[in-house]
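# Understanding the architecture of this molecule
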Amino acid sequence: MAAVDVVVDKCVSLWTISAVRRNFQWFFMSVSLLGSVVKETQLLPNTYFRGAQTFLNAYFVKLGWGWTLLLLTPFLLLSNSSANRNASFLFRRVLSLVVATACWYVCTGTFFYIENVTGSCYTTDAMDVLNEDFTSKIPCVRAGFHWHGFDISGHSFLLPYSALFIMEETAPMAHLKTAGLSTLPRIVLNLLYVALNALVVIWIFMFACTSVYFHEPSHKLLGTLCAVLAWYLTYRVWYRRPWSPGLPPIRQLKHSHKQRA
């Protein structure tokens, strides 16, 4: 497990750089903007990642929120219970998963609704022949036709939102390293932490692919902006107030470490 410990140390060192945490959201906005410019100027040649059915897209991005919750839920429970085993505290912290899922569901559902009410069904992708037999996207697509509307990029929302969510909830790891955990919980936390960081790398890479290969600039920028706003309004505004799920227990872990020292 020594190799895992090394990877954990490297990841923790990266995330404890204040400039990285402070500017992560601007990184996504910049990639979305620059990627849109690259796409419009057609500077990049066709590659494997231009296709919508790549391995990472089919088995990771399309199940992106599921992967995020699958790895982050046990990490959140283990890391937060190490700081405070109070049932009320843990319940509030688990609510952050519920809130994030609600943000994802409402935003992506709204994107689909906007595309549905602003779109029309066409016989070909060139949009030269309007098919008036279909007035909503799902029946149109199922019939083999093409639906064109204002398609806010769900991937441009999901990928940065998931990465920002993971960044916030894995922040206690810097102090969990010295929290005096027993062997098994430490191993499990380390493996989950490495897996979550690997997931962030995949999300960043696929977000870059989305930015340079897919969607209109306004669709991508709006999706990314919604992700940043959803993260900001929760972790930078609401979670700092009483009667909220609260922030990850970094202060409690610092205090616990000082007591052991």
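How each quantity is defined
- Residues numbered from 1 in each chain as written.
- Predicted model: local features only at pLDDT ≥ 70, side-chain atom pairs only at ≥ 80, totals over all residues.
- Heavy atoms only, no water.
- Salt bridge = Lys/Arg side-chain N within 4 Å of Asp/Glu carboxyl O.
- Helix = DSSP H or I, 4+ residues; strand = E, 2+ residues; numbered from the N terminus.
- Buried < 20%, exposed > 50% of the residue type's maximum accessible area, 1.4 Å probe, protein only.
- Axes fitted to C-alpha atoms, helices over the stretch in contact; angles between N-to-C directions.
- Parallel < 35°, antiparallel > 145°, perpendicular 65-115°, else oblique.
- Left-handed = near helix turned anticlockwise from the far one by under 90°.
- Contact = heavy atoms within 4.5 Å.
- Nonpolar A, V, L, I, M, F, W, Y, C, P; charged D, E, K, R; others polar.
- Expected span 1.5 Å × (residues − 1).
- Arc of directions from axis to C-beta.
- pLDDT = per-residue confidence, 0-100.

## Some points on the pattern of salt bridges
For the coordinates displayed, the defined rule picks out five salt bridges. A salt bridge links Glu-169 to Arg-93; its shortest N-O distance comes to 2.8 Å. A residue pair is termed long-range when its members are at least 10 positions apart, and Glu-169 in helix α7 (residues 154-169) and Arg-93 in helix α5 (residues 87-118) qualify at 76 residues. The residues Glu-169 and Arg-93 share a single accessibility class, namely buried. Here the salt bridges do not stand alone but share partners, grouping Arg-21, Glu-168 and Arg-236 into one network.

## Thoughts on the packing of α7 against helix α10 (residues 217-237)
At a closest axis distance of 7 Å, the pairing of α7 and α10 adopts a crossing angle of 25°. By the angle between their directions, the pair α7 and α10 is classed as roughly parallel. The handedness of the crossing between α7 and α10 comes out as right-handed. For the pair formed by α7 and α10, the contact residues are Ser-156, Phe-157, Pro-160, Tyr-161, Leu-164, Phe-165, Met-167, Glu-168 and Glu-169 on the first element and Lys-220, Gly-223, Thr-224, Cys-226, Ala-227, Val-228, Ala-230, Trp-231, Tyr-235 and Arg-236 on the second. For the contact of α7 with α10, the per-class residue count stands at 12 nonpolar, three polar and four charged.

## Section: α10
Helix length check: α10 (21 residues) gives 28 Å between terminal C-alpha atoms against 30 Å at 1.5 Å per residue, within 8%. The set of residues buried in α10 consists of His-219, Lys-220, Gly-223, Thr-224, Ala-227, Val-228, Ala-230, Trp-231, Thr-234 and Tyr-235. Angular distribution of buried residues about the axis of α10 spans 165°; they occupy a single face of the element. Check the buried side of α10 and you find it contacts α2 (18-41), α5, α7 and α9 (183-213).

## Some thoughts on the packing of α5 against α7
Interhelical geometry of α5 versus α7 gives an angle of 170° and a closest axis separation of 10 Å. Classified by the angle their axes make, α5 and α7 are roughly antiparallel. Across the interface between the two elements, Arg-93, Ser-96, Leu-97, Ala-100, Cys-103, Trp-104, Cys-107, Thr-108 and Phe-111 from α5 touch Gly-154, Phe-157, Leu-158, Tyr-161, Phe-165 and Glu-169 from α7. For the contact of α5 with α7, a count of residues per class yields 10 nonpolar, three polar and two charged.

## Some remarks on α7
The end-to-end C-alpha separation of α7 is 22 Å, in line with the 22 Å expected for 16 residues at 1.5 Å each. The element α7 is extensively covered by neighbouring structure, given that 14 of its 16 residues are classed as buried.

## Quick look at the confidence of the model for the protein chain
Confidence along the protein chain averages 89 in pLDDT terms, with 94% of residues attaining 70 or more. Note that residues 255-261 has pLDDT below 50 and, in this model, two contacts with residues that lie over four places away or in other chains.

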